[in-house]
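Here is what each chain is made of, one letter per residue.
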Amino acid sequence: MKDKYKTKHVYVVELDKEVSERGYFKKQNPDYKQGDTCAYVGMTGTSPEERFSVHKSDSPKASKKVKRYGIQLMPEHYDHLNPMTWDEAVVVETELAEALRVMGYGVIQS
């Protein structure tokens with residue numbers, strides 16, 4: 001067990017649909033239907049809002065994908081899940097990404 005404290009959060013960022021043209025996106029989403037919502041799912045030790053701010057900044061810790069294509073957080077998909085332990089977040093991040101794909105989203109997972 002990494003830690004017993006519930007200090008981690010999963011989060012979902014809506015991405016510009018332009019990301020669907022990228023090879024890494026197509027590889028992770030072979031069944032994506034053009035025009036459906038695109039999203040990024042990640043986990044963080046800070047709040048989702050703080051993490052999104054870092055992604056949109058010039059920080060070396062920013063995801064280039066979220067910096068370029070990130071539009072906004074989608075708290076309706078994660079607020080009810082947070083906070084959690086690191087072990088829980090590792091599992092929930094993957095499960096959340098798959099659940100969004102089942103809903104028809106194209107998803108990039110960190």
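Before any of the text, the structure's been laid out above.
Residues numbered from 1 in each chain as written. Predicted model: local features only at pLDDT ≥ 70, side-chain atom pairs only at ≥ 80, totals over all residues. Heavy atoms only, no water.

Trainee: Provide a residue-level description of the overall build of the protein chain, including the pertinent values.
Mentor: Helix and strand content of the protein chain: four helices and four strands. Overall, the protein chain shows an N-to-C arrangement of helices and strands of β-α-β-α-α-β-α-β. Once the C-alpha set of the protein chain is aligned to its principal axes, its extents read approximately 40 × 30 × 20 Å. By residue count, 42% of the 110 residues in the protein chain fall in the buried class. Considering only contacts within the protein chain whose residues lie at least 6 apart along the sequence, 74% involve residues at least 24 apart. Carbon and sulfur atoms form 52% of the exposed surface of the protein chain, whose accessible area is close to 6,400 Å². (Helix = DSSP H or I, 4+ residues; strand = E, 2+ residues; numbered from the N terminus. Buried < 20%, exposed > 50% of the residue type's maximum accessible area, 1.4 Å probe, protein only. Contact = heavy atoms within 4.5 Å. Areas by Shrake-Rupley, 256 points an atom, 1.4 Å probe, with all protein chains shown as cover.)

Trainee: Give me the layout of surface pockets: which residues, what numbers.
Mentor: The calculated volume of the largest pocket comes to roughly 150 Å³. Lining the largest pocket are Q28, N29, P30, D31, Y32, K33, D36, R101, V102, G104, Y105 and G106. Looking at side-chain class alone, the lining of the largest pocket contains four nonpolar, four polar and four charged residues. (1 Å grid on protein atoms, 1.4 Å probe; cavity = no way out; pocket = protein on both sides within 12 Å on 5 of 7 lines; lining within 4 Å. Points joined across faces, edges and corners; volume = space filled by probe spheres on them. Nonpolar A, V, L, I, M, F, W, Y, C, P; charged D, E, K, R; others polar.)

Trainee: Give me a nonpolar patch on the surface: which residues, what numbers.
Mentor: On the surface, a nonpolar cluster with roughly 220 Å² of combined accessible area is contributed by W86, V90 and V91. Mapped onto the secondary structure, V91 falls in helix α4 (residues 86-102). You can call V91 partly exposed: its relative accessible area is 44%. (Patch = residues over 30% accessible without salt bridge, like charges linked within 9 Å, V, L, I, M, F, W, Y side chains within 5 Å. Salt bridge = Lys/Arg side-chain N within 4 Å of Asp/Glu carboxyl O.)

Trainee: Describe the nonpolar core, listing the residues and the values that go with them.
Mentor: V12, V13 and L15 are the most contacted members of the largest nonpolar core, which totals 27 residues. Elements that contribute at least two residues to this core include exactly β1 (9-15), β2 (38-44), α3 (64-69), α4 and β4 (106-109). Here V13 is in contact with C38, A39, Y40, F52, V66, G70, I71, Q72, L73 and M74, once residues within four sequence places are set aside. (Core = buried A, V, L, I, M, F, W, Y, C linked by side-chain atoms within 4.5 Å.)

Trainee: Go over a negative patch on the surface, please, and point to the residues and values.
Mentor: A cluster of acidic residues, E49, E50, E76 and D79, forms a negative patch at the surface. Residue placement: E49 occurs in helix α2 (residues 48-55). (Lys, Arg positive; Asp, Glu negative; His and termini not counted. Charge placed at Lys NZ, Arg CZ, Asp CG, Glu CD.)

Trainee: Explain the sheet that holds strand β3 (residues 70-73) to me, using residue names and the numbers behind them.
Mentor: The sheet built from four strands is open, its strands ordered β3-β1-β2-β4 with mixed pairing. Two strands in the sheet have a free side with no partner beyond their single neighbour: β3 and β4. Geometrically, the sheet is characterised by an average inter-axis angle of 30° between neighbouring strands, direction not taken into account. Where β2 and β4 come together, four bridges link them in parallel fashion. Paired with Y40 across the two strands is I108, which belongs to β4. (Pairing = 2+ DSSP bridges. Axes fitted to C-alpha atoms, helices over the stretch in contact; angles between N-to-C directions.)

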